Amino acid sequence: MPKIVVVGSINMDLVVLTSRYPEIGETLTGEGFMTFAGGKGANQAVAASRLGSSVVMLGCVGNDAFGRELSARLLNEGVDTAWVDVIEEVETGVAAITVAGGDNAIVVIPGANHRLSEAHVQAAERVIRDADVVLSQLEVPMPTVLAAARMARKHGKPFILNPAPASALPDALYSSIDLLVPNETEATLLTGITVRDPASAEEAARSLLARGVRSVLITLGANGVAVIDDAGERHLPAHVVKAVDTTAAGDTFIGGLTAGLVEGMAMDEAVALGQRASALCVTRHGAQPSIPYRREIA
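The following refers to the structure shown.

Calculation rules
Residues numbered from 1 in each chain as written. Predicted model: local features only at pLDDT ≥ 70, side-chain atom pairs only at ≥ 80, totals over all residues. Heavy atoms only, no water. Pairing = 2+ DSSP bridges. Helix = DSSP H or I, 4+ residues; strand = E, 2+ residues; numbered from the N terminus. Axes fitted to C-alpha atoms, helices over the stretch in contact; angles between N-to-C directions. Contact = heavy atoms within 4.5 Å.

Okay, the sheet that holds strand E2 (residues 11–18) next. Read across the open sheet, the 4 strands follow the order E3-E2-E6-E7; overall the sheet is mixed. Looking at the sheet topology across the chains shown, the edges are occupied by strand E3 (32–38) and strand E7 (103–109). On average, each strand axis in the sheet is inclined to that of its neighbour by 20°, with strand direction left out of account. Here E2 runs beside strand E6 (residues 93–100); their pairing, made up of 8 bridges, is parallel. Across the sheet, the residue bridging to Asn11 is Gly93, located in E6. Helix-sheet contacts for helix H2 (residues 65–76) involve E2, E3 and E6, and the interaxial angle to E2 is about 95°.

Laid out in structure tokens, this is it:
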């Protein structure tokens, strides 16, 4: 079975449902509260696993109730947690999410995620060597992401980076990225080009290719995806659905995309798999609970 190593975050999501966002200083009565397993790394690992891939998670949790629950949930999803380290002196990462009108606003407290280190990557060299793809995001320290990219390059493995949350990347990282998958906000920050439509996305992607990235995929929400790779530049429209919660939509897309690529799909076919999964995701509440299984999108 194909194997994906995810180097990334593991969070507990604390979700508040409300009709609108409160103003500064305002106390607003909400409509509901839920807890969900989350974290960009864990979300993408679960998405890839539910869509048929063999996945190894490389991350950190605290020695607390959230950490134990999240590790158990990953294991129940079929994700290999042998490389999830328990950090004694720090809490598990938490995301406070407010959902209003089908959109969301998120505050992340990294906790143990910021203890995922270059040493963890070095210790997992055997697993990365045996993988088909290494996938990472930016909810763990940048030196750790850079170490994962370099380890993937050392062993000839494709490295996929979702540069989220939006952050500048060190120049040394670009040439180790085989596929960069930002959204509009992230692409704008990385390039200085305001991304608002397929044309501006393609302009931004060309800027990123010039820095050494091999392929770029810019997600445009309801406007689909701009793809720039060896086959050229193209725009793939999104499915039209009624969104109730966009939490984990991007993570689901990337998990599906990666699962498709390690199965041997062409880029556009893998993008289509990710798009179908993401379209179903936004019709449901929560992060990992909203991620569909392969049978649901077949």
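The discussion continues.
Here the focus is the sheet that holds strand E13 (residues 232–236). Judged by pairing direction, the sheet is mixed, and its 9 strands sit side by side in the order E5-E4-E1-E8-E9-E10-E11-E12-E13 without closing on themselves. Here the strands that pair on one side only, and so sit at the sheet edges, are strand E5 (80–87) and E13. In the sheet, strand E9 (residues 159–161) pairs with strand E10 (residues 179–180) via 2 bridges, with the strands oriented parallel. When the bridges of E10 are listed, Ile160 appears paired with Leu179. Docked against the sheet, helix H1 (residues 40–50) engages strand E1 (3–7), strand E4 (54–62) and strand E8 (133–136), running at close to 155° with respect to E4.

From the geometry alone we can't say anything about function, so treat these as descriptive.
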